[in-house]
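A closer look at the structure
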Amino acid sequence: MTVFMFALAIPYHHWTLKANRIGFLVMYSLTFFFANFGPNATTFVVPAEIFPARLRSTCHGISAAAGKAGAMVGAFGFLYAAQSTDPAKTDAGYPPGIGVKNSLIVLGCINFFGMLFTLLVPESKGKSLEELSGENEEDSSSGNEASANRTVPI
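Residues numbered from 1 in each chain as written. Predicted model: local features only at pLDDT ≥ 70, side-chain atom pairs only at ≥ 80, totals over all residues. Heavy atoms only, no water.

Relative to the assigned elements, Leu79 resides in helix 5 (residues 56–81). Expressed as a C-alpha distance, the spacing of Leu79 and Ser103, which sit 24 residues apart in the sequence, is 9.3 Å. (Helix = DSSP H or I, 4+ residues; strand = E, 2+ residues; numbered from the N terminus.)

Written as structure tokens, this is what we have:
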């Protein structure tokens, strides 16, 4: 997604020419494909993997709500930021922005940082979250001591 954002943004004037509109449509479609294939899928998979079982549903809901709030801020922010830098060329009722090209560059940078942060999520390697966090070690260690002190009649 980052690559396609930059591929749209850096030669943006090229894509605005009438002869290149089909290419722009293809590139923009691929951007949406990778948006749904990557970040959109991870918003459901990652919370299910990183939160402990006893808190998973609550934390997953909070995570989903935060993601939706971020999407709203991003959508409205892009609408304002993509306005022309020339006040005469902005849509009615909107202040001047940074332009579409610069907005796409900003989105590409945000996508890149999102990818880096996603790579920071620990890999579970088939272990449960409780095993990874050591959450059950206190319970199991006290249980082992009790069983070690128990005598078994013969």
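Judged by nonpolar contacts, Phe4, Met5, Leu8, Ala9, Trp15, Met27 and Leu104 together constitute the single largest core of seven residues. Among the elements that line this core, the one with the most residues is helix 1 (residues 2–9), at four residues. Contacts of Phe4, omitting those with residues within four sequence positions, involve Met27, Leu30, Thr31 and Phe34. (Core = buried A, V, L, I, M, F, W, Y, C linked by side-chain atoms within 4.5 Å. Buried < 20%, exposed > 50% of the residue type's maximum accessible area, 1.4 Å probe, protein only. Contact = heavy atoms within 4.5 Å.)

If you check UniProt for "transmembrane region" (unreviewed entry), the listed places come out as residues 22–46, 58–82 and 102–121 in our numbering. For residues 22–46, helix accounts for 96% and strand for 0%, while the C-alpha atoms at its two ends are 35 Å apart. Along residues 102–121 the backbone is 90% helical and 0% strand, and the end-to-end C-alpha distance reaches 30 Å. (UniProt positions renumbered as here; feature names shortened; annotations may be inferred.)

Okay, the packing of helix 1 against helix 6 (residues 100–119) next. In contact at an axis separation of 8 Å, helix 1 and helix 6 are set at 165° when each is read in the N-to-C sense. Comparing the axis directions of helix 1 and helix 6 gives the class roughly antiparallel. Between helix 1 and helix 6 lies a crossing of left-handed hand. Note on element contacts: helix 6 touches helix 1 through Lys101, Leu104, Ile105, Leu107, Gly108, Cys109, Asn111 and Phe112, opposite Thr2, Met5, Phe6, Leu8 and Ala9. Partitioned by chemical class, the residues of the contact of helix 1 with helix 6 number nine nonpolar, three polar and one charged. (Axes fitted to C-alpha atoms, helices over the stretch in contact; angles between N-to-C directions. Parallel < 35°, antiparallel > 145°, perpendicular 65-115°, else oblique. Left-handed = near helix turned anticlockwise from the far one by under 90°. Nonpolar A, V, L, I, M, F, W, Y, C, P; charged D, E, K, R; others polar.)

This part covers the environment of Val100. With respect to the helices and strands, the residue Val100 is situated in helix 6. Owing to a relative accessible area of 26%, Val100 belongs among the partly exposed residues under this scheme. As a C-alpha pair, Val100 and Thr85 span 15 residues in sequence and 9.5 Å in three-dimensional space. Excluding its chain neighbours within four sequence positions, the residues that come into contact with Val100 are Tyr12 and Ala82.

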